[in-house]
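In case you want the letters, here they are:
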Amino acid sequence: GSEMCIRDRRITKNGVEVPLKNKEYELLFFLMRHPEQVFSREDLYELIWGLESMGDNITVAVHINRLREKIEDTPADPKLLQTVWGVGYRLHVV
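Keep in mind that what you see is a predicted model, and the values were worked out from it rather than measured. (Residues numbered from 1 in each chain as written. Predicted model: local features only at pLDDT ≥ 70, side-chain atom pairs only at ≥ 80, totals over all residues. Heavy atoms only, no water.)

Q: Lay out the pairing of strand E5 (residues 88–91) with the relevant residues and their values.
A: With four bridges joining them, strand E4 (residues 81–84) and E5 adopt antiparallel strand pairing. Note that in E5 the partner of Leu 81 across the bridge is Leu 91. Hairpin geometry of E4 and E5 is characterised by an intervening segment of three residues between the two adjacent antiparallel strands and by a positive phi of about 80° at Gly 86. (Pairing = 2+ DSSP bridges. Helix = DSSP H or I, 4+ residues; strand = E, 2+ residues; numbered from the N terminus.)

Q: I'd like a rundown of the packing of helix H1 (residues 22–33) against helix H3 (residues 58–71), residues and numbers included.
A: Two numbers describe how H1 lies on H3: the axes approach to 10 Å, and their chain directions differ by 85°. It follows that H1 is roughly perpendicular to H3 by the angle criterion. Together, Lys 23, Glu 24, Leu 27, Leu 28 and Leu 31 of H1 and Val 60, His 63, Ile 64, Arg 66, Leu 67, Lys 70 and Ile 71 of H3 make up the contact between the two elements. Class assignment of the residues belonging to the contact of H1 with H3 gives a composition of seven nonpolar, one polar and four charged. (Axes fitted to C-alpha atoms, helices over the stretch in contact; angles between N-to-C directions. Parallel < 35°, antiparallel > 145°, perpendicular 65-115°, else oblique. Contact = heavy atoms within 4.5 Å. Nonpolar A, V, L, I, M, F, W, Y, C, P; charged D, E, K, R; others polar.)

Q: Explain the pattern of salt bridges to me, and be specific about the residues and the numbers.
A: Counted according to the given criterion, the structure contains four salt bridges. Across the pair Lys 23 and Glu 26 runs a salt bridge whose closest N-O atoms are separated by 3.7 Å. Here the residue Lys 23 and the residue Glu 26 both occupy positions in helix H1, the gap between them amounting to three residues, near one helical turn. The salt bridge involving Asp 77 is made with Lys 79; its shortest N-O contact spans 2.6 Å. For Lys 79, a relative accessible area of 45% translates into the label partly exposed. (Salt bridge = Lys/Arg side-chain N within 4 Å of Asp/Glu carboxyl O. Buried < 20%, exposed > 50% of the residue type's maximum accessible area, 1.4 Å probe, protein only.)

Q: Which residues make up the pairing of strand E2 (residues 10–13), and what are the values?
A: Bridge analysis of E2 against strand E3 (residues 16–18) gives three bridges, and the strand direction is antiparallel. Following the sheet pairing, Lys 13 is matched in E3 by Val 16. Counted between consecutive antiparallel strands, the loop separating E2 from E3 contains two residues, among which Asn 14 sits at a positive phi close to 55°.

Q: Describe the environment of Glu 26, listing the residues and the values that go with them.
A: Residue classification places Glu 26 among the partly exposed residues on the basis of a relative accessible area of 25%. For the pair Glu 26 and Trp 49, spaced 23 residues apart in sequence, the C-alpha to C-alpha distance is 9.4 Å.

Written out as structure tokens, the structure reads:
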């Protein structure tokens, strides 16, 4: 399994820094502060991008997928950033 650490706006996985874009970082950091709590795409979009942003909640799915590519051992079978079908996403603490 992988080991993730967050410090000084930097994420490391197994001791190697993972480069994250600003919104990827904000999304991951928000979920890390609320482990096991399920958030809908709409909630995450409002919380991370803000109501005044131009875009939609598909943006959340795109960012979740990008994060999975960067932090999951097997992005197609995510253990950390889990989809809760019909509800949204949660960060599972392994």
